[in-house]
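Listed below, chain by chain, are the residues.
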Amino acid sequence: YACGLHFPVEFGPVLSKQSVEYRLHALLPSAVAETEINKATELFVSFQSKYSSADTHDKGKQAAAAKTTSLIRKLCEAGIPTGFYLLGRCYLYGECCTDVNRKLGLQYMKIAAEQGHIEAAAQLGDAYYNSTSAMDRSFTLAHHFYSRPGALAVEPSRQKALEDIYAQK
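Here goes a summary of the coordinates provided. Source: prediction; values computed, not measured. (Residues numbered from 1 in each chain as written. Predicted model: local features only at pLDDT ≥ 70, side-chain atom pairs only at ≥ 80, totals over all residues. Heavy atoms only, no water.)

Examining unusual backbone geometry
Quick reminder of the rule: Numbered from the N terminus, helices here are DSSP runs of H or I no shorter than four residues, and strands are runs of E no shorter than two. Only protein chains enter the accessibility calculation, which uses a 1.4 Å probe; a residue is then buried when its area is under 20% of its type maximum, exposed when over 50%, and partly exposed in between.
Unusually for a residue other than glycine, cysteine 96 sits at a positive phi of about 60°. Looking at the element boundaries, cysteine 96 is found in the loop between α3 (81-93) and α4 (102-114). For cysteine 97, which is not glycine, the phi dihedral falls at a positive 60°. Secondary-structure assignment places cysteine 97 in the loop between α3 and α4. Residue cysteine 97 is classed as partly exposed on the basis of its relative accessible area of 32%.

See below:
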């Protein structure tokens, strides 16, 4: 407002093509952002339930995946944490016909968790705690994400993982 703008701005992460940039960007009004988040989340959940076991070469599935990921990317371009969380899920688990890319999935999930997305923090804790790769398993990072406010409340069974981490010292 000191700059004479009629909308709020923040310095934060936004998706630009395939990379994430930290820059000054306009914030969507909360009602608009909530509507877009709900649309993207509903489309994502609908896609998951409708096409969970369908053929990956199905043209209807490909079109639905493209529509879903396009809307998710728009959320990321606006710097909305839910967009980064959903895009992270797509890359981590191959959802919405996306090729699995663990590095990119973790990057997007971390951005969402840094911005306070509780489920992203909890899933990152799971990813670091349950990893079968010695290179990726990290009790320190698992503890970091499990101990974020609200992360254990999402799924109380994660408390056992945190207790195991403390037992491992």
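Topic: the nonpolar core
As a reminder of what qualifies: Joining through side-chain atoms within 4.5 Å is the link that ties buried Ala, Val, Leu, Ile, Met, Phe, Trp, Tyr and Cys residues into a set, and such a set is a nonpolar core. By the convention used here, residues are in contact when the closest approach between their heavy atoms is within 4.5 Å.
With 44 residues, the main nonpolar core has Leu15, Phe84, Leu87, Tyr108, Leu124 and Tyr146 as its most contacted residues. Discounting chain neighbours no more than four positions away, the residues touching tyrosine 108 are Leu15, Gln18, Val20, Phe84, Leu87, Gly88 and Tyr91.

Describing the packing of helix α1 (residues 30-51) against helix α2 (residues 59-77)
In plain terms, the rule: To obtain an axis, a line is fitted to C-alpha atoms, over the contacting stretch when the element is a helix, and the angle between two such axes runs from 0 to 180 degrees between their N-to-C directions. Angle categories: roughly parallel below 35 degrees, roughly antiparallel above 145, roughly perpendicular from 65 to 115, and oblique for all the rest. For any helix crossing, the convention is left-handed if the near helix is rotated counterclockwise from the far helix by under a right angle, and right-handed if that rotation is clockwise. Three residue categories are used. Nonpolar comprises Ala, Val, Leu, Ile, Met, Phe, Trp, Tyr, Cys and Pro, charged comprises Asp, Glu, Lys and Arg, and polar comprises the others, including Gly.
For the pair α1 and α2, interaxial distance at closest approach is 9 Å and the crossing angle is 155°. Comparing the axis directions of α1 and α2 gives the class roughly antiparallel. In the crossing of α1 with α2, the sense of the turn from one axis to the other is left-handed. Here Glu36, Ile37, Lys39, Ala40, Leu43, Phe44, Phe47 and Tyr51 of α1 lie close against α2, whose contacting residues are Gly60, Lys61, Ala64, Ala65, Lys67, Thr68, Leu71, Ile72 and Leu75. Across the contact of α1 with α2, the residue classes tally to 11 nonpolar, 2 polar and 4 charged.

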